[in-house]
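Structure assessment
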Amino acid sequence: LPGDISFDGTSFADIPDGFAALSKIPDAGLFQLFAFIGFLEIFVMKDITGGEFVGDFRNGFIDYGWDTFDEETKLKKRAIELNQGRAAMMGILALMVHEKLDVSLIPDLF
């Protein structure tokens, strides 16, 4: 990406990939990341009691037509979402393991 990640002149090109990036991001940038995630966890993504199911984060705000589905379709869609989440977690875990083992997932073709 072109441009700088901070006012001290650190550019996006100076930030390495993977876990090494955490040590190169300025402290103020890491604080912004954790503060934003904390804000979302505390104020936005609340699992209030009385929801339709465990993990119902709609909180009466965004529906996208969920209430128009019958119970069988809702159950199927929740199962699909759960399985996609599991697949995503396994994929990112595989990427992290390969990075720590210093093994490339993409073979060198050139």
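Computed from a prediction, not measured in an experiment: that's the story for all the values here.

What follows is about the overall build of the chain. Secondary structure summary: the chain contains three helices and zero strands in total. Helices and strands in the chain line up, N terminus first, as α-α-α. Of the roughly 9600 Å² of accessible surface on the chain, a fraction of 66% belongs to carbon and sulfur atoms.

Attention shifts here to the packing of aromatic side chains. Remark: the centre distance and the inter-plane angle together describe each pair of aromatic rings, the angle taken between the planes. For the structure shown, the criterion picks out two aromatic pairs. Each ring, one from W66 and one from F69, has its centre 5.9 Å from the other, and the planes form 85°; the classification is edge-to-face. A residue is classified by how much of its surface remains accessible, and W66, at 12% relative accessible area, is buried. Seen from the ring of F69, K77 lies directly overhead, with NZ or CZ sitting 5.0 Å from the centre.

Next up on the list: the side chain of K74. Topologically, K74 is positioned in helix α3 (residues 71-101). Not counting the four nearest positions on each side in its chain, K74 is found in contact with E52, W66, D67 and F69.

Before going further, it helps to spend a moment on α3. If you check α3, its first and last C-alpha atoms are 45 Å apart, about what 31 residues at 1.5 Å a residue would give, namely 45 Å. Looking one or two residues past α3, D102 carries a phi angle of roughly 60°, positive in sign.

For the chain, the average pLDDT comes to 83, and 87% of its residues sit at 70 or higher. Averaged pLDDT values over the elements of the chain bottom out at 87 in helix α1 (residues 20-24) and peak at 91 in α3.

Right, let's talk about the environment of I25 for a bit. Within the secondary structure layout, I25 lies in the loop between α1 and α2 (27-44). When its relative accessible area of 19% is taken as the criterion, I25 is described as buried. Residues I25 and D14 lie eleven residues apart in sequence; the distance between their C-alpha atoms is 9.4 Å. Excluding anything up to four places from it in sequence, I25 contacts I15 and L30.

Calculation rules
- Residues numbered from 1 in each chain as written.
- Predicted model: local features only at pLDDT ≥ 70, side-chain atom pairs only at ≥ 80, totals over all residues.
- Heavy atoms only, no water.
- Helix = DSSP H or I, 4+ residues; strand = E, 2+ residues; numbered from the N terminus.
- Areas by Shrake-Rupley, 256 points an atom, 1.4 Å probe, with all protein chains shown as cover.
- Phe/Tyr/Trp six-rings, centres within 6.5 Å; stacked < 30°, edge-to-face > 60°.
- Buried < 20%, exposed > 50% of the residue type's maximum accessible area, 1.4 Å probe, protein only.
- Lys NZ or Arg CZ within 6 Å of the ring centre and 35° of its normal.
- Contact = heavy atoms within 4.5 Å.
- Expected span 1.5 Å × (residues − 1).
- pLDDT = per-residue confidence, 0-100.

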